[in-house]
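Here's the letter readout for the chains.
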Amino acid sequence: MKTHSAATIMVPVALLFGNLPTSAPGSLTLVENGQPRSSVVIAKQATRAARLAAFDLQYHVQKITGATLPIEEVPSAEGRVTSGKTANGPIRILVGESQATVDLGLKSADFKPQEYLVKFLPETLVLMGRDKDDRGEMNYATGAGFPDIADEQGTCYAVYDFLERYCGVRWYLPTDLGITFTPTKTLTVAGADLRRAPAMKYRYNHMGYAYPLDLAGDTVRGKEPIPALPRREHHLFYCRNRLGGENHAANHSFYGFYDRFWQKNPKNEAVFEGEHRDWFAQGYPADEKPSQMCFANEGFIKQVVQDARDYFDGKGKKHAAVAEGDDFALVPMDSGNWCKCAACQAELLKEATQGKGQFSTNLASDYIFGFINKVAREIKKSHPTKYVSTLAYWDYAYPPTRVKLEPNIKLEMCLHTRAWGYSQKIKENDLALFKQWTEHKDHPPLYLWLYYCFPSLGAAQGQWRTFPGFFAHHIVEQMKRFHQAGIRGLKYEPSYLADERQSPLLDQLEFHVTWKLADDPTLDGNALIAEFFKRYYGPAAEPMRKFYTRAEQIYNDPANYPDNRGVNAETCWKYLGTKERMAELGRLMAAAQQAVAAGTAVEKERVALFERGLWKYMQAGSEDYWTKAKIPSPTARAPRAPAPPDGDPSKLDWSKGAVLSGWRSITGEPASRKIEGRLLHDGLNLYLRLEDFISPDKLVDRGGLWNSDEYELFVAGQRSPPYRQMGIHFNGKYEALDWAKQGRQEWNNPGRVISDLNAPDRWTLYVVLPLAGLTETGVKPGDTCYLNIIRSMRIQPQEAFVWNLTLGGYHEPSRFAEVILEK
């Protein structure tokens, strides 16, 4: 479709929305030969939603025709274009409720939640819906006073549906660069009346993460933070695509209990001093801050019930509580360190019986949903119209088997849908829990939390660049399944970039298809994809379509993931974006650049944005990977030494130890300060001494081992799973994990850790690991094992130091270094 040569247009173009009539008797000419023949009419005290809708309608008609429709703010007692204001023609466009709509029997309050109307009458077009009765100031130019995304704004929905369905407008990116339309000097509209509401009632992504100002960004941090696109552009983009809807919330909700009830010892914040220690997870050392609550504790449960009642009574949210509208969230901390008291352990399974070996299991389902049920039961007594909300996530992803859920619970299932194409195991597990929840006879209102954030989240955390995880064609089939199951709403985590940004390009088509089908499941999703390339890229549509489709095929092909590996830097550039495939995609990029030379300036800029924001990003990712892959892995030969006196590793002669040098940042640059390790063994134990030349008073505890200054040790009998991991806090506490073939388990490691913070200029860590339990089969003198060590600071991911460069994140067994135990 040419988008720059039309002189007159009769709309709609019936490409997706059915064969609506395009001529008399109900046709309305809004602009003729570049001159307005209509006026936009709103009440003088219009709602914020109606004002935004009116100004955005005016803006789009001006872009399409060059004509500016006047906005008439008339007294609410009149609400109609008078005979003194007919210079712009006889047609009035009634936006939002006014006296004129009331005269027609149309009141905002008579609409159902999120419902809206597009109605054609003689010389009148009605665009209105259910709006929040908020009539405060609103500044279209700055975005100040825009209605909140969760506010009722049916009039906005009516205008955007009208522009899309009857005028052929689309919004594929924030800013004018993403708006597509067919220019015309005469705009005549016609069609059947429309009264509807979005099919899914809750439609969100993680809006707190801004788009980059240049609409490109990077997963790798630069010298300066990525500037953010102005919030006005975000708001308009989300509103135009009808994100929002119900005021619903579910996320980790008890972190505020630390500040409220964990009374800290001023010398060590992990040491509890107060009367509610039993509210927090039991069975952990007295000087270790638990990372979960005791969900069987009656005092804790009573406090949660009171917090919810206070919120529903209008007394506000307590610190770090998660609640919106009629929902009060009950979601544990993001940790698997469950309480070890007898009451809690009685509700926890010894091991998962569903989802075993996967992220999503039933290990804690009865335990957590038993707690949620107790709170829900009390809230139902005092606030019968309110809900508690929660997630089906991690160890409590499957439905409980010993708990009959209360009816006032809302639930979001967390699904890894971006991985369904390439991982049959992840897909099968997700669909198993999905099936159990949707077919559960007592299932609560169901929502979805979709992980569109992978693989970019891993790339942003590990500071590498990812092959694009395109999967729009897969979304088409997924959304059919979700609608058939009666899913009420969804949100997705977007593709994350560095500096808390989200990528508009890695998710561009995925965003569009998801939200169009969430709004209207009758649309043809594959036709949505096809029209995107034609409308957005113009003459470059075909090579850009081929580029996207080929990259989508590559990403979703299980054959490109040897050993069922996940997506890391090695996967992206050794197995997905191979040199041959990159050459193939490069030819398509060149063809698009050649084809768009015949296009408009805006079409050229869209191709240029894709080239610099995605194609060059991919080229940089490939080049960076192969450059780092040439850096040789170190080999260490651990000498045999006599066992130390009293088993104290600090008493070994460390001058004889194998030196672990050549430390780098996780992004490949030489470490910014001295880090050194040494290795010895005595035939029974492996001994490590790790020295970080940093003043101990600069070490930071951020609440939990994995988020604080720590070392992470990885060891295996081969350069592939299974492998074992230790995380060691500078206070000497550690966690030991066994990443076996069936998933994460506890590593029953009888080793020893000594953390020495006495020297003013260094942190020295000693680690003793028995050889017999070092790997699944054990290690003896003369054997070879594989090791990597990461000094993690968590301030920014790239500030971690590694002994052997991982070419990605932390869990990269293919990059473990060789260690030989000398006889």
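The present account deals with the structure reproduced in this document. The structure displayed is predicted, hence computed values, not measured ones.

**What about helix H9 (residues 424–438)?**
Taking 1.5 Å as the rise per residue, H9 with 15 residues should run 21 Å; its terminal C-alpha atoms sit 20 Å apart, in good agreement. When H9 is considered as a whole, its buried residues turn out to be Asn-429, Asp-430, Leu-431, Leu-433, Phe-434, Trp-437 and Thr-438. Along its buried surface, H9 packs onto helix H8 (365–382), strand S19 (387–392), strand S20 (409–415), strand S21 (446–451) and helix H11 (472–484).

**Section: the sheet that holds strand S13 (residues 202–205)**
Remark on secondary structure: sheet strands pair via backbone hydrogen bonds, oriented parallel or antiparallel. With respect to topology, 8 strands assemble into an open sheet ordered S14-S13-S22-S21-S20-S19-S18-S17, the strand pairing being mixed. A strand with exactly one partner marks an edge of an open sheet, and here the two such strands are strand S14 (244–245) and strand S17 (323–324). Pairing between S20 and S21: 5 bridges, direction parallel. Across the sheet, residue Met-413 finds its bridge partner in S21, namely Leu-448.

**Examining the nonpolar core**
In terms of nonpolar packing, the biggest core is built from 202 residues, with Leu-57, Phe-162, Phe-254, Phe-371, Met-413, Phe-467 and Phe-482 touching the most fellow members. Ignoring sequence-local partners within four residues, the contact set of Phe-482 consists of Met-200, Leu-415, Thr-417, Trp-420, Phe-434, Leu-448, Leu-450 and Ile-487.

**Quick notes on the packing of aromatic side chains**
Summed over the entire model, instances satisfying the criterion amount to 68 aromatic pairs. Pairing Phe-162 with Tyr-166 gives two aromatic rings, centres 5.7 Å apart and planes at 25 degrees, and the pair type is stacked. Within this pair, Phe-162 and its partner Tyr-166 are both found in helix H3 (residues 154–166), separated by 4 residues, close to a single helical turn. Of the two residues, Phe-162 and Tyr-166, both sit in the buried class. Ring geometry for Phe-295 versus Tyr-367: centroids 5.9 Å apart, planes at 80 degrees, classification edge-to-face. In this pair, Phe-295 sits in the loop between strand S16 (268–272) and helix H6 (298–312) while Tyr-367 sits in helix H8, placing the two residues 72 residues apart along the sequence. In terms of burial, Phe-295 and Tyr-367 fall into one category: buried. Taking NZ or CZ as reference, Lys-340 lies 4.6 Å from the ring centre of Tyr-284, over its face. Over the face of the ring belonging to Tyr-711 we find Arg-791, whose NZ or CZ atom lies 5.8 Å from the ring centre.

**Description of the layout of surface pockets**
Quantified by volume, the second largest pocket comes out at close to 540 Å³. Together, 22 residues line the second largest pocket, and Tyr-202, Tyr-204, Asn-205, His-206 and Met-207 are the ones closest to its centre. The biggest single contributor to the lining of the second largest pocket is helix H4 (residues 231–240), with 4 residues. Across the lining of the second largest pocket, the residue classes break down as 11 nonpolar, 7 polar and 4 charged.

**Quick notes on the packing of H6 against H8**
The contact between H6 and H8 brings their axes to 10 Å, and the two run at 40 degrees. As the angle between them shows, H6 and H8 are arranged oblique. Seen along the crossing, H6 lies across H8 with a hand that is right-handed. Contacts between H6 and H8 involve Glu-298, Phe-300, Ile-301, Val-304, Val-305, Ala-308, Arg-309 and Phe-312 from the first element and Phe-371, Lys-374, Val-375, Glu-378, Ile-379 and Ser-382 from the second. Its residues placed into classes, the contact of H6 with H8 shows 9 nonpolar, 1 polar and 4 charged.

**Digging into the pairing of strand S31 (residues 723–729)**
Of all 7 residues making up S31, 7 are buried, and the element is well covered by its neighbours. Every second residue of S31 is oriented toward a common face, with Tyr-723, Gln-725, Gly-727 and His-729 on one face and Arg-724, Met-726 and Ile-728 on the other, all of them buried. Where strand S30 (residues 710–716) and S31 come together, 6 bridges link them in antiparallel fashion. Residue pairing in the sheet places Glu-712 in a bridge with Gly-727 of S31. Connecting S30 to the antiparallel partner S31 that follows it, the hairpin turn spans 6 residues. Here S31 folds back onto strand S32 (residues 734–740), and the loop between the two strands holds 4 residues, one of which, Gly-732, carries a positive phi near 95 degrees.

**Concerning H4**
Each full turn of the α-helix corresponds to 3.6 residues, which orients residues three or four apart in the same direction. Of all 10 residues in H4, 8 are buried; the element is thus mostly enclosed. Within H4, the full set of buried residues consists of Arg-232, His-234, His-235, Leu-236, Phe-237, Tyr-238, Cys-239 and Arg-240. At the exit of H4 stands Arg-242, carrying a positive phi of roughly 60 degrees.

Criteria and thresholds
- Residues numbered from 1 in each chain as written.
- Predicted model: local features only at pLDDT ≥ 70, side-chain atom pairs only at ≥ 80, totals over all residues.
- Heavy atoms only, no water.
- Helix = DSSP H or I, 4+ residues; strand = E, 2+ residues; numbered from the N terminus.
- Expected span 1.5 Å × (residues − 1).
- Buried < 20%, exposed > 50% of the residue type's maximum accessible area, 1.4 Å probe, protein only.
- Contact = heavy atoms within 4.5 Å.
- Pairing = 2+ DSSP bridges.
- Core = buried A, V, L, I, M, F, W, Y, C linked by side-chain atoms within 4.5 Å.
- Phe/Tyr/Trp six-rings, centres within 6.5 Å; stacked < 30°, edge-to-face > 60°.
- Lys NZ or Arg CZ within 6 Å of the ring centre and 35° of its normal.
- 1 Å grid on protein atoms, 1.4 Å probe; cavity = no way out; pocket = protein on both sides within 12 Å on 5 of 7 lines; lining within 4 Å.
- Points joined across faces, edges and corners; volume = space filled by probe spheres on them.
- Nonpolar A, V, L, I, M, F, W, Y, C, P; charged D, E, K, R; others polar.
- Axes fitted to C-alpha atoms, helices over the stretch in contact; angles between N-to-C directions.
- Parallel < 35°, antiparallel > 145°, perpendicular 65-115°, else oblique.
- Left-handed = near helix turned anticlockwise from the far one by under 90°.

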